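Examination of the molecular architecture
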Amino acid sequence: MSENPIREAISEAITDHEVILFMKGTPERPMCGFSARTVAALDALGSPYAAVDVLPDPRIRQELSSISNWPTIPQLFVRGELVGGCDIVSEMYESGELAQTLGVEPPDEAPDEAPVAAEPGAPPLMPENRLG
Amino acid sequence: MPGTDELKRRIEEALPGSRAEVQDLTGGGDHFKATVVAQEFAGMTRIEQHRRVYAVFGSEIGGPIHALSLETRAE
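Here we summarise the structure given alongside this text. (Residues numbered from 1 in each chain as written. Chains lettered and ligands numbered in written order. Predicted model: local features only at pLDDT ≥ 70, side-chain atom pairs only at ≥ 80, totals over all residues.)

1. What to know about the nonpolar core
- I20, L21, F22, M23, V89 and L98 of chain A are the most contacted members of the largest nonpolar core, which totals 32 residues.
- Where this core is concerned, the elements lending two or more residues are α1 (5-16), β1 (19-23), α2 (33-45), β2 (50-53), β3 (75-78), α4 (86-95) and α5 (97-102) of chain A.
- Per-element accounting of this core gives the leading share, six residues, to α2 of chain A.
- Ignoring any residue separated from it by four or fewer positions in sequence, one finds I20 of chain A in contact with A13, I14, Y49, A50, V52 and F77 of chain A.
- Of all hydrophobic cores here, the second largest spans 17 residues; its members include V22, V36, V53 and L68 of chain B. (Core = buried A, V, L, I, M, F, W, Y, C linked by C-beta atoms within 7 Å. Buried ≥ 20, exposed ≤ 12 C-beta atoms within 10 Å, placed from the backbone. Helix = DSSP H or I, 4+ residues; strand = E, 2+ residues; numbered from the N terminus. Contact = placed C-beta atoms within 7 Å.)

2. Some points on the sheet that holds β2 of chain A
All names here are of chain A.
- The four strands lie next to each other as β2-β1-β3-β4, forming an open sheet whose pairing is mixed. The sheet is open, and its two edges are formed by β2 and β4 (81-84), each paired on a single side. Sheet twist, expressed as the average angle between the axes of neighbouring strands with direction ignored, equals 25°.
- Of the pairings in the sheet, the one linking β3 to β4 comprises three bridges and is antiparallel in character. Across the sheet, V78 pairs through a bridge with E81, a residue of β4. (Pairing = 2+ DSSP bridges. Axes fitted to C-alpha atoms, helices over the stretch in contact; angles between N-to-C directions.)

3. Observations regarding unusual backbone geometry
Residue and element names in this part refer to chain A.
- With an omega of 10°, the peptide bond between I73 and P74 qualifies as cis.
- Inspection of the secondary structure assignment puts P74 in the loop between α3 (58-68) and β3.
- We note that N69 has phi near 55°; this positive angle belongs to a residue other than glycine.
- Secondary-structure assignment places N69 in the loop between α3 and β3.
- Located in the positive-phi region is R79, a residue other than glycine, with phi close to 50°.
- Along the chain, the position of R79 falls in the loop between β3 and β4.

4. Remarks on the interface of chain B and chain A
- Listed as interface residues are eleven residues of chain B and, on the opposing side, nine residues of chain A.
- Among the secondary structure elements, those contributing two or more residues to the side of chain B that touches chain A are α2 (46-57) and β3 (67-73) of chain B.
- Residue composition of the side of chain B that touches chain A, by class: five nonpolar, three polar and three charged. (Nonpolar A, V, L, I, M, F, W, Y, C, P; charged D, E, K, R; others polar.)

5. Overview of the packing of α1 of chain A against α3 of chain A
All names here are of chain A.
- At a minimum axis distance of 9 Å, the contact between α1 and α3 shows a crossing angle of 60°. Here α1 is positioned oblique relative to α3, judged by the angle of their axes. The handedness of the crossing between α1 and α3 is right-handed. Contacts from I6, R7, I10 and S11 in α1 reach R59, I60, E63, L64 and I67 in α3.
- Across the contact of α1 with α3, the residue classes tally to five nonpolar, one polar and three charged. (Parallel < 35°, antiparallel > 145°, perpendicular 65-115°, else oblique. Left-handed = near helix turned anticlockwise from the far one by under 90°.)

6. Some points on α2 of chain A
- Across its 13 residues, α2 of chain A extends 19 Å between first and last C-alpha, which sits within 8% of the 18 Å expected from 1.5 Å per residue.
- Of the residues making up α2 of chain A, those classed as buried are F34, S35, A36, R37, T38, V39, A40, A41 and L42 of chain A.
- Looking at the buried positions of α2 of chain A, the neighbouring elements they touch are β1, β3, α4 and α5 of chain A together with β3 of chain B.
- Phi turns positive, to about 70°, at G46 of chain A, one or two residues after α2 of chain A. (Expected span 1.5 Å × (residues − 1).)

7. A short note on the sheet that holds β3 of chain B
All names here are of chain B.
- Taken together, the three strands give an open sheet; going across it, the order is β1-β2-β3, and neighbouring strands pair in mixed fashion. The open sheet has two edge strands, β1 (19-24) and β3, and neither has a second partner. Across the sheet, the axes of successive neighbouring strands diverge by a mean angle of 15°, strand direction being ignored.

8. Concerning the pairing of β3 of chain B
All names here are of chain B.
- Only one face of β3 is covered, namely the one carrying L68, L70 and T72; the face carrying A67, S69, E71 and R73 has none of its residues buried.
- Of the strand pairs in this sheet, strand β2 (residues 31-37) and β3 are connected by seven bridges, and their pairing is parallel. Paired with K33 across the bridge in β3 is S69.
- Crossover handedness for the path β2 to α2 to β3: right-handed. (Right-handed = clockwise from strand over helix to strand, strands pointing away.)

Below, the structure written as structure tokens:
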């Protein structure tokens, strides 16, 4: 039996998924504007990703932040490395770096700004289930 | 409850020679955005730059400071 099963489950999830987003709510129903904005950037690139909702248990967030040395949610990991939170992901989306990091083509008509996030509780922008 | 002036002062004190601009995004005193320009950011990744600013506030991030959106550059 593990001393800290939540911490181990988080580490495993980060290792097992090439792209994984820890967020508040789900991609279909983000519960925070920052998470929604990050989901919108990922969805705009059409790259598949796994998503973990940190809200059901406060220990998920606590252990995640302890692993990543990053205090806020969302957190995007690509190939086991923390890429950043909403600010960095949005900046990278706008510069094209995010597409490069994810190994996808940038959208043909990339908007100048990152896609506008749905407000918490608002209908999802792209109701496709990408939970991994 | 921290205000924009306090956040600005604490960032500039913790990062010598830096300039910080802090906005209260909602007017509620808990969602802030800080733009920080600091010499010491040169050679650091964005992740490291943001960690450096978050470290100024420690556990206050996620507590009294519900959200601190960051834009950092070395210049």
